Amino acid sequence: MLKPMLLIVVLLGLLTSAHGQTPRRTMAVTFDDLPYVNFGDDAYIKNARVATTKILSTLKKHKVPAVGFVNEGKLENSPDRIALLRQWVDAGMVLGNHTYSHPDFNRLTVAQFEEEITKGDVVTRQLMRSRQPYQLYFRHPMTHTGDTTEKKEAIEKFLEARGYKVTPHTIENSDFIFNVPYAEALQKNDEALAKRVRDEYLALTNTAIEFAEKISPEIFGREIPQLLLIHANDINADSLDEMLKNFEARGYTFVSLDTVMADPAYQTKDTYISKYGPTWLFRWAKSKGMDLDFKGDPDPPKWVMDLYNKR
């Protein structure tokens, strides 16, 4: 029998050890604007092949079952561009619909947006034929889900009738903003600026995940599986490995979008109406009538925004 004081010391030691452990967390990773977001008008296929190969190699290294959302208007009936999507399928990834030409739903009628959805899945369904049956996923461009209740509900019904699930996100790191000065720095062989932008991007991503981990228990009483939205671009091609290592150090393992979407939190109805595209953590909080502080969800620093706006 342990003496009472010794027992207390042992229990305190166990509690300290438990608190020192990294939490077990899960995340799904999604990419928008496939096959590739080019900076400038030159060497699309060359640059896209390099970025696609880097991204898929990194996903394989970290065992990430990603989903890539396609804008089929970018394919331009080009066999080389379609081959880029085939790389994703051959690597075991899932392709989703991101509309045909990436329009802003705020500026379209319901009928026009429905046409964008219908035109947006022709090639991807063919490429994914060998993977049937699989869940169809759709993501609104700029995550603008409808600036009126009528538009939002009409498109939700249209997507449901076609077998699609709307894909949310809980983490967004403004990578499309960072990518512009990063890619421009690479083109100018300005390695110092490229590194500075990349380091700032990774730091902001860490702040964004910390915020998501903090705010989700305020909404749901627990940390929920996270869902990352990033793009198929140069900064992610060069930063993804370190980003995923950072996530793993925080206790994350990477799971499928199907797995994350099955979590009860993701069954929460999004009733938030806006012309903007905030994360679903913000939408769910508003839908549940909560008035939470989202000021900690980070924005790019001014110097990055200034470089972006000079493009």
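Residues numbered from 1 in each chain as written. Predicted model: local features only at pLDDT ≥ 70, side-chain atom pairs only at ≥ 80, totals over all residues. Heavy atoms only, no water.

Trainee: Which residues make up the overall build of the chain, and what values do they have?
Mentor: Of regular secondary structure, the chain possesses twelve helices and eight strands. In terms of principal-axis extent, the alpha carbons of the chain reach across some 80 × 50 × 40 Å. Burial status across the chain gives 49% buried among its 311 residues. Taking the contacts inside the chain whose residues are at least 6 apart along the sequence as the reference set, 83% of them involve residues at least 24 apart. Charge separation in the chain, taken as the distance between the mean sites of 40 positive and 42 negative side-chain charges, equals 4 Å. (Helix = DSSP H or I, 4+ residues; strand = E, 2+ residues; numbered from the N terminus. Buried < 20%, exposed > 50% of the residue type's maximum accessible area, 1.4 Å probe, protein only. Contact = heavy atoms within 4.5 Å. Lys, Arg positive; Asp, Glu negative; His and termini not counted. Charge placed at Lys NZ, Arg CZ, Asp CG, Glu CD.)

Trainee: Talk me through the pairing of strand E2 (residues 67-70); I want residue IDs and the actual numbers.
Mentor: Judged by which residues are buried, E2 turns out to be covered on both faces: Val67 and Phe69 on one side and Gly68 and Val70 on the other are all buried. Relative to E2, strand E1 (residues 25-34) is paired through three bridges, and the arrangement is parallel. Along E2, the bridge assignment pairs Thr30 with Val67. In this fold, the crossover linking E1 to E2 by way of helix H2 (residues 44-61) has right-handed handedness. Pairing of E2 with strand E3 (residues 94-97), which is carried by four bridges, proceeds in the parallel orientation. Residue pairing in the sheet places Val70 in a bridge with Asn97 of E3. Handedness of the β-α-β unit built from E2, helix H3 (residues 79-90) and E3 comes out right-handed. (Pairing = 2+ DSSP bridges. Right-handed = clockwise from strand over helix to strand, strands pointing away.)

Trainee: Tell me what's going on with the confidence of the model for the chain, and back it up with residues and numbers.
Mentor: On average, residues of the chain score 94 in pLDDT, and 94% of them reach the 70 mark or higher. Across residues 4-18, confidence stays below pLDDT 50; counting only partners more than four residues off in sequence or on other chains, it has one contact. (pLDDT = per-residue confidence, 0-100.)

Trainee: Which residues make up the pairing of strand E7 (residues 226-231), and what values go with them?
Mentor: Where burial is concerned, most of E7 is hidden: six out of the six residues are buried. Side-chain alternation along E7 places Gln226, Leu228 and Ile230 on one buried face and Leu227, Leu229 and His231 on a second face that is also buried. With six bridges connecting them, E1 and E7 associate as parallel partners. Residue pairing in the sheet places Phe31 in a bridge with Ile230 of E7. Two elements, strand E6 (residues 171-172) and E7, share two bridges in a ladder whose sense is parallel.

Trainee: Outline the packing of H2 against helix H9 (residues 234-249), listing residues and values.
Mentor: Running from amino to carboxyl end, H2 crosses H9 at an angle of 10 degrees, the nearest separation of the two axes being 8 Å. Here H2 lies roughly parallel to H9, going by the angle between them. Read as a crossing pair, H2 and H9 show a hand that is left-handed. Residues Ala51, Lys54, Ile55, Thr58, Leu59 and Lys61 of H2 form the contact with H9, whose own contacting residues are Asp234, Ala237, Asp238, Leu240, Asp241, Leu244 and Lys245. By residue class, the composition of the contact of H2 with H9 is six nonpolar, one polar and six charged. (Axes fitted to C-alpha atoms, helices over the stretch in contact; angles between N-to-C directions. Parallel < 35°, antiparallel > 145°, perpendicular 65-115°, else oblique. Left-handed = near helix turned anticlockwise from the far one by under 90°. Nonpolar A, V, L, I, M, F, W, Y, C, P; charged D, E, K, R; others polar.)

Trainee: Provide a residue-level description of the packing of aromatic side chains, including the pertinent values.
Mentor: Geometrically, a pair of aromatic rings is defined through the distance of the ring centres and the angle of the planes. This structure, assessed with the given rule, holds 13 aromatic pairs. When the ring of Phe138 is compared with that of Tyr164, the centres are 6.4 Å apart and the planes differ by 75 degrees; the resulting orientation is edge-to-face. Of this pair, Phe138 sits in strand E4 (residues 136-138) while Tyr164 sits in strand E5 (residues 164-166), and the two are 26 residues apart along the sequence. Judged by its relative accessible area of 7%, Tyr164 is buried. Aromatic pair Tyr266 and Trp284: ring centres 5.1 Å apart, planes at 85 degrees, arrangement edge-to-face. You can see Tyr266 sitting in the loop between helix H10 (257-261) and helix H11 (280-287) and its partner Trp284 sitting in helix H11, a full 18 residues away along the chain. Accessibility classification places Tyr266 together with Trp284 in one group, the buried group. In this structure, Arg196 is placed above the aromatic ring of Trp303, and the distance from its NZ or CZ to the ring centre is 3.6 Å. A cation sits over an aromatic face here: Arg311 above Tyr308, 3.9 Å from the ring centre. (Phe/Tyr/Trp six-rings, centres within 6.5 Å; stacked < 30°, edge-to-face > 60°. Lys NZ or Arg CZ within 6 Å of the ring centre and 35° of its normal.)

Trainee: Can you lay out the nonpolar core for me, pointing to particular residues and giving the numbers?
Mentor: Membership of the largest hydrophobic core comes to 77 residues, with the highest contact counts inside it found for Met27, Phe31, Leu59, Trp88, Leu95 and Phe247. Top contributing element to this core by residue count: helix H8 (residues 191-220), with twelve residues. Not counting residues within four places of it along the chain, the set of residues in contact with Leu59 comprises Phe31, Val64, Ala66, Trp88, Met93 and Leu240. Ranked by size, the runner-up nonpolar core spans ten residues in total, among them Ile117, Phe138, Ile155 and Phe158. (Core = buried A, V, L, I, M, F, W, Y, C linked by side-chain atoms within 4.5 Å.)

Trainee: Explain unusual backbone geometry residue by residue, including any values.
Mentor: Geometrically, the link from Leu34 to Pro35 is a cis peptide bond, its omega value of 10 degrees lying close to zero. Tracing the sequence through the fold places Pro35 in the loop between E1 and H2. Gln132 connects to Pro133 through a cis peptide bond whose omega is -5 degrees. Position of Pro133 relative to the elements: it lies in the loop between helix H5 (122-127) and E4. Despite not being glycine, Glu76 has its phi angle at roughly 50 degrees, a positive value. We note that Asn77 has phi near 55 degrees; this positive angle belongs to a residue other than glycine. Within the secondary structure, Asn77 is located in the loop between E2 and H3. For Asn77, a relative accessible area of 76% gives the class exposed.

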